[in-house]
Amino acid sequence: MNGTIRVGNLFGIPFYIHPSWFLVLGLVTWSYSSGLAAQFPQLSAGLALVLGLMTALMLFASVVAHELGHSFVAIRQGIDVKSITLFIFGGLASLEKESKTPGEAFWVAIAGPMVSLLLCGIVTAIGVTTAASGPLAAILGVLASVNLALALFNLIPGLPLDGGNILKAIVWKITGNPYKGVTFASRVGQIFGWVAILSGVLPLLLFGNSGNFWNLLIGFFLLQNAGNSAQFARVQEKLTGLTAEDAVTHDSPIVSANLSLREFADERVISGQNWHRFLVTDDDGQLVGAIAVDNLRTIPTALWSETQVKEVMRPITESTTVQSDQPLLEVMQLLEQQKLSVLPVIRENGVLVGILEKAAIIQLLQSRTQPNPA
């Protein structure tokens, strides 16, 4: 997953760490250990380092808890969570699909900040009720404040932050169109991105102060991801209402299982068709397998006339096909997830419709984007 390292499962959810996380872990450990050493001179350097590492790990555990909040609510809605990933800017719970209603989308989005606020309250209560003092009180104070900051930062109403997803759900509820919600929340996210960038650039240019450099990174993060969200929403909207059958390639490479290899070679290969792989159907038009041009080399040419395609073809499993009435957006996501360029499209009764190519979806999108001539 883009260079991430899988470290195990959390409640059955694959858990990944981006290599940049280790850099952040080291910086946070050094920062808090230095702060503790300065605040409590009686601490040895080794103990301060251990406490700094423990603090850093608890902070990242808070980020994981935040993402688990999103994940558990999504799972209750029947949405699979593909993974949770820790990276330089925090965490990300990757969901299989969107919520079905704006109300459900709202609860998935707000669950993370609610967990962070709950953790802030719990840690604060522990500090107050136990009358903690010294380094323990300092660590509890850091945990409480960071969880509060995590909740408030994520509530900024712009994608890709949780507040942006909350705003998306609200606009979706008002307009009845989820894509308008994404577009609006993405625009707001881009505005906050530019504000963050300016808050980092202006002090640097005017006063030579680089203290807000982190704002630059956050700004670029918001700009890039908000733009990607808006672009994907436009793609989703263009594909709404379309099914796999709408993008099937005309004159798809299909041959009968009863053809001899000689007929197959003459009619399909030598005739000039540029396909290298053909789908095979039986007398009822049902998909039964596939044959590649290279498969001909496994049979001596003298036997081509008496050998049928069905004797050489390879079977196709249902997992490598899509239904003709399946939403085209789901098919596109399937192609991306499985890194495929072509999928056979069949009807419910198993009859083959044709092949669907990723390039055909792109062409369909381009044709729906171009303005109609006057």
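These numbers were taken from a predicted model, which means no experiment stands behind them. (Residues numbered from 1 in each chain as written. Predicted model: local features only at pLDDT ≥ 70, side-chain atom pairs only at ≥ 80, totals over all residues. Heavy atoms only, no water.)

(A) Fine view of the nonpolar core. In this structure, Phe15, Trp21, Leu36, Phe60, Ile84 and Leu86 are the most contacted members of the largest nonpolar core, which totals 33 residues. Going through the elements one at a time, β2 (13-17), α1 (20-39), α2 (45-76), β3 (81-87), α3 (102-129) and α4 (134-154) are the ones with two or more residues in this core. The element best represented in this core is α2, accounting for eight residues. Sequence-distant contacts of Ile84, defined by excluding residues within four places in its chain, comprise Ile13, Pro14, Phe15, Tyr16, Glu67, Leu68, Ser71, Leu92 and Ala93. By size, the runner-up hydrophobic cluster in this structure holds 17 residues, among which are Ala244, Leu343, Ile361 and Leu365. (Core = buried A, V, L, I, M, F, W, Y, C linked by side-chain atoms within 4.5 Å. Buried < 20%, exposed > 50% of the residue type's maximum accessible area, 1.4 Å probe, protein only. Helix = DSSP H or I, 4+ residues; strand = E, 2+ residues; numbered from the N terminus. Contact = heavy atoms within 4.5 Å.)

(B) Region of the structure containing the side chain of Thr307. With respect to the element layout, Thr307 can be found in the loop between β7 (287-292) and α9 (309-312). Relative accessible area serves as the criterion here: at 11%, Thr307 is assigned to the buried category. A polar contact of 2.7 Å, which involves the side chain of Thr307, links it to the backbone oxygen of Leu303. What Thr307 contacts, discounting residues up to four positions off in sequence, is Leu259, Ser260, Leu261, Ile299 and Val312. (Polar contact = N/O pair within 3.5 Å; in protein donor to acceptor, adjacent residues only side chain to side chain.)

(C) A look at the pattern of salt bridges. On inspection of all chains with the given rule, the structure shows three salt bridges. Linking Glu98 and Lys168 is a salt bridge whose minimum nitrogen-to-oxygen distance equals 3.0 Å. Here Lys168 lies in helix α5 (residues 162-175) and Glu98 lies in the loop between β4 (90-95) and α3, a separation of 70 residues in the sequence. Looking at Glu98, the relative accessible area reads 48%, which means it is partly exposed. (Salt bridge = Lys/Arg side-chain N within 4 Å of Asp/Glu carboxyl O.)

(D) A look at the side chain of Ser20. Here Ser20 shows up in helix α1. Side-chain polar atoms of Ser20 contact the side chain of His18, separated by 2.9 Å. With near-sequence residues (within four places) excluded, Ser20 lies in contact with Phe87 and Ile88.

(E) View of the confidence of the model for the protein. Summing up the model confidence of the protein, the mean pLDDT is 86 and the portion of residues at 70 or higher is 95%. When the elements of the protein are averaged for pLDDT, helix α11 (residues 358-369) gives the smallest value, 74, and α3 the largest, 95. (pLDDT = per-residue confidence, 0-100.)

(F) The arrangement of the packing of aromatic side chains in detail. Considering all chains together, one arrives at six aromatic pairs under this definition. Between Trp21 and Phe60 the ring centres are 5.1 Å apart and the planes differ by 65 degrees, which places this aromatic pair in the edge-to-face class. Taken together, the residues span a long stretch of sequence, with Trp21 in helix α1 and Phe60 in helix α2 at a distance of 39 residues. Between Phe106 and Trp107, the aromatic rings sit 5.3 Å apart at their centres with planes inclined by 80 degrees, giving edge-to-face as the arrangement. For Trp107, a relative accessible area of 48% translates into the label partly exposed. Clustering of aromatic rings is evident, with ring pairs tying together Trp21, Phe22 and Phe60. (Phe/Tyr/Trp six-rings, centres within 6.5 Å; stacked < 30°, edge-to-face > 60°.)

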